[in-house]
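Residue-level structural notes
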Amino acid sequence: VGGGGLQCPYISIRQIVSDYACTASSFLIPSYYDNLATLQSLCEDVPAAMENRRWIPLLILHGEQDEIVWPYHGHTLHTEALRLGHPSIEAVFPPDATHNRWDLHEDIIASLRSFIRRHLLRPSAASSPSHHPHEGCFGPASVLSGAYQAAHARRSSACMFGFGSSSALDEVLIPG
């Protein structure tokens, strides 16, 4: 995985219940989908074999006017990632965005483009003497097998972000 994005993320389902009902009723909810605990685990409990790829760039997008998942959820996740030393966490909190209403270009595409350029784009073949011609989202082609290698040899930010075939998306996100 080259990077990740969370739009209007919540701390946990239990916290959502607490926001809408009360803290006492939240204890009736199992602790499924606990993004805060998952974030802490990803930042702290890293196997030694993964230490060199410990930090996956992460972008949080959360509208300040979100009436479904209150903005403090996104702020809390961002603050916790910073506290844990995550070096490539970013958060964007558009002041007029709600849970379902966003300015597509300014709030989402521009934020995503900026994030991808800072964290996910690799140098072009012309500017990188060490570039392998079949390097793709999952590292050098030498570690990938035949058909899988051919299918995933595209060098694109969208591929790194997990979107698969990406030529149209690249034109929108990374013009020129």
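Now for a look at the structure at hand.

Each value, and the rule that gives it
Residues numbered from 1 in each chain as written. Predicted model: local features only at pLDDT ≥ 70, side-chain atom pairs only at ≥ 80, totals over all residues. Heavy atoms only, no water. Helix = DSSP H or I, 4+ residues; strand = E, 2+ residues; numbered from the N terminus. Buried < 20%, exposed > 50% of the residue type's maximum accessible area, 1.4 Å probe, protein only. Contact = heavy atoms within 4.5 Å. Areas by Shrake-Rupley, 256 points an atom, 1.4 Å probe, with all protein chains shown as cover. Salt bridge = Lys/Arg side-chain N within 4 Å of Asp/Glu carboxyl O. Expected span 1.5 Å × (residues − 1). Arc of directions from axis to C-beta. Patch = residues over 30% accessible without salt bridge, like charges linked within 9 Å, V, L, I, M, F, W, Y side chains within 5 Å. Polar contact = N/O pair within 3.5 Å; in protein donor to acceptor, adjacent residues only side chain to side chain.

1. As for the overall build of the protein
- In terms of regular secondary structure, the protein is built from eight helices and three strands.
- For the protein, the succession of helices and strands along the chain, N to C, is β-α-α-α-β-α-β-α-α-α-α.
- Per-residue burial over the protein gives 38% buried out of 176 residues.
- For the protein, the share of sequence-separated contacts (at least 6 apart) that also reach a separation of at least 24 residues comes to 65%.
- Roughly 10,100 Å² of accessible area belongs to the protein as shown, and the carbon and sulfur atoms make up 58% of that amount.

2. Some words on the pattern of salt bridges
- Across all of its chains, the model carries two salt bridges by this definition.
- Note that Glu80 is salt-bridged to Arg83, the shortest N-O span being 2.6 Å. A residue pair is termed a helical-turn pair when its members lie 3 or 4 positions apart in one helix, as Glu80 and Arg83 do in helix H4 (residues 72-83) at three residues.
- For Glu90, the salt bridge identified is with Arg118, shortest N-O distance 2.5 Å. Of this pair, Glu90 sits in strand E3 (residues 89-92) while Arg118 sits in helix H5 (residues 104-119), and the two are 28 residues apart along the sequence.
- On the basis of relative accessible area, Glu90 is assigned to the buried category, the value being 15%.
- For Arg118, a relative accessible area of 52% gives the class exposed.

3. As for H4
- For H4, which comprises 12 residues, the first-to-last C-alpha distance of 16 Å matches the rise-based estimate of 16 Å (1.5 Å per residue) to within 8%.
- Residues of H4 that are buried: His73, Gly74, Leu77, His78, Glu80 and Ala81. The buried residues of H4 occupy an angular sector of 165° when the element is viewed end-on, so they sit on one face.
- Looking at the buried side of H4, the elements it contacts are helix H1 (13-20), helix H3 (35-44), strand E2 (58-61) and E3.
- Within two residues after H4, Gly85 carries a phi angle of roughly 85°, on the positive side.

4. Some remarks on a nonpolar patch on the surface
- A grouping of Tyr20, Ile68, Trp70 and Tyr72 is seen on the molecular surface, where their side chains present a nonpolar patch of about 370 Å² in accessible area.
- Checked against the element boundaries, Trp70 lands in the loop between E2 and H4.

5. Re the environment of His62
- Turning to its location among the elements, His62 is positioned in the loop between E2 and H4.
- Here the alpha-carbon distance between His62 and His73, two residues 11 residues apart in the chain, equals 8.7 Å.
- Not counting residues within four places of it along the chain, the set of residues in contact with His62 comprises Cys8, Pro9, Val69, Trp70, Pro71, His73, Gly74, Val92, Phe93, Pro94 and Trp102.
- A polar contact of 3.2 Å, which involves the side chain of His62, links it to the side chain of Asp66.

6. Focus: unusual backbone geometry
- Phi angles above zero are rare outside glycine, and Cys8 is one such case at about 55°.
- Mapped onto the elements of the fold, Cys8 is located in the loop between strand E1 (4-7) and H1.
- Judged by its relative accessible area of 6%, Cys8 is buried.

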